[in-house]
Amino acid sequence: MRREPTARQLRLATELRRLREAADLNARQAAALLGVSPAQITHIESGLAGVSEQRLRRLASHYACTDDEFIDALVAMATDRTRGWWEEYRGLLPTSFLDLSELDHHASFRREVAILFVPGLLQTEQYARSVFSSRVPELTPDELELRVRHRMARQEISIPYEVVIHEAALRIRVSDRAASRTQLARLVELSEANHITLRVIPFDLDGFSRASNTMTYVGGPLPKLDTVVRDAPYGSIFIDSEAQLNAYRTRFRKVEAVALAPERSRDFIHKLAKEL
């Protein structure tokens, strides 16, 4: 029995429960088909217990799921034994930090809309330290350094990354003028990377009514296994219902459509840096 399932383990559990409910079976009926106790099904569907490939495929068969690609993706989630770099922080950082790292590791792409802060994956070390230093209650020096070190390690990704940043996030000084100039220069540099597409939404854009919709959209092995991450006061919220995923896909494309093109965005950031 697991004491604290990861977000990835909970996602697998959720998908298995959804398959059972779609088959119009209760936990007792599913347990009878598998030859286990109802409690075992409950533990699997709450992420407290794992499930073998054989049992997962038997469940999918009983649930009349014929999507082989989806089943294979679930099997990969169930049998994955990856112990990534983030495990060194277990017990030292809140679980949500580790869940984000694991999500990054398995992602196929990433899309982000940032309104008030430069996204964590693009922050300089000084910018990140300033953001974490503003937390209430204040972090201890050791806690601060752990968060900064973890954030810097998370930036080692090479998946396609589309990010839209509002001008507000570019102008807000989380530290001093020199730190802001360095951060803007870093954004210009990163915008030239092959896997990063950076766009800016300027203040003078007419009719932009989605200025508060910060979001992170992370691609899974299949669209139905995508995840949206929203910040919350005490961690991160992972959103995975198909209806909500569709809504966020549409929202991102609408925001992207009104943003400046990548080359114009790069020039825009460079201009802001020169003004500092």
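Structure: above.
Note that the coordinates shown come from a computational prediction; the quantities given were computed from them, not determined experimentally.

Could you clarify how one ought to interpret a nonpolar patch on the surface in this entry?
Side chains of Leu116, Phe117 and Ile172 sit close together on the surface and give an oily, nonpolar patch of about 270 Å² of accessible area. Inspection of the secondary structure assignment puts Phe117 in the loop between strand S1 (109–114) and helix H7 (125–133).

Would you take a moment to explain the environment of Val118 for this structure?
Residue placement: Val118 occurs in the loop between S1 and H7. For Val118, a relative accessible area of 3% puts it in the buried group. As a C-alpha pair, Val118 and His43 span 75 residues in sequence and 39 Å in three-dimensional space. Among residues more than four places away in sequence, those in contact with Val118 are Gln123, Tyr127, Ala169, Gln183 and Leu187.

Looking at this structure, how should I read the nonpolar core?
Counting residues in each nonpolar core, the largest one holds 29 residues, and the members touching the most others are Leu122, Ile165, Leu170, Leu184, Leu187, Leu198 and Ile269. Only helix H6 (95–106), H7, strand S2 (161–166), helix H9 (167–171), helix H10 (177–190), strand S3 (196–201) and helix H12 (262–275) provide two or more residues apiece to this core. Excluding anything up to four places from it in sequence, Ile165 contacts Ala114, Pro119, Leu122, Leu170, Leu187, Leu198, Arg199, Val200 and Ile201. Among the nonpolar cores identified, the runner-up in size contains 27 residues, and Ala30, Ile41, Ala73 and Met77 belong to it.

How should unusual backbone geometry be read in this particular structure?
Across the chain, the bulk of peptide bonds are trans and the bulk of non-glycine residues have phi less than zero. The step from Val136 to Pro137 runs through a cis peptide bond, and the omega angle for that step is 0 degrees. Structurally, the position occupied by Pro137 is in the loop between H7 and helix H8 (141–154). The residue Asp24 is not glycine, and still its phi comes out positive at about 60 degrees. One can find Asp24 in the loop between helix H1 (7–22) and helix H2 (27–34).

Cut-offs applied
- Residues numbered from 1 in each chain as written.
- Predicted model: local features only at pLDDT ≥ 70, side-chain atom pairs only at ≥ 80, totals over all residues.
- Heavy atoms only, no water.
- Patch = residues over 30% accessible without salt bridge, like charges linked within 9 Å, V, L, I, M, F, W, Y side chains within 5 Å.
- Areas by Shrake-Rupley, 256 points an atom, 1.4 Å probe, with all protein chains shown as cover.
- Salt bridge = Lys/Arg side-chain N within 4 Å of Asp/Glu carboxyl O.
- Helix = DSSP H or I, 4+ residues; strand = E, 2+ residues; numbered from the N terminus.
- Buried < 20%, exposed > 50% of the residue type's maximum accessible area, 1.4 Å probe, protein only.
- Contact = heavy atoms within 4.5 Å.
- Core = buried A, V, L, I, M, F, W, Y, C linked by side-chain atoms within 4.5 Å.

Take it as geometry only, folks, not as evidence of what the structure does.
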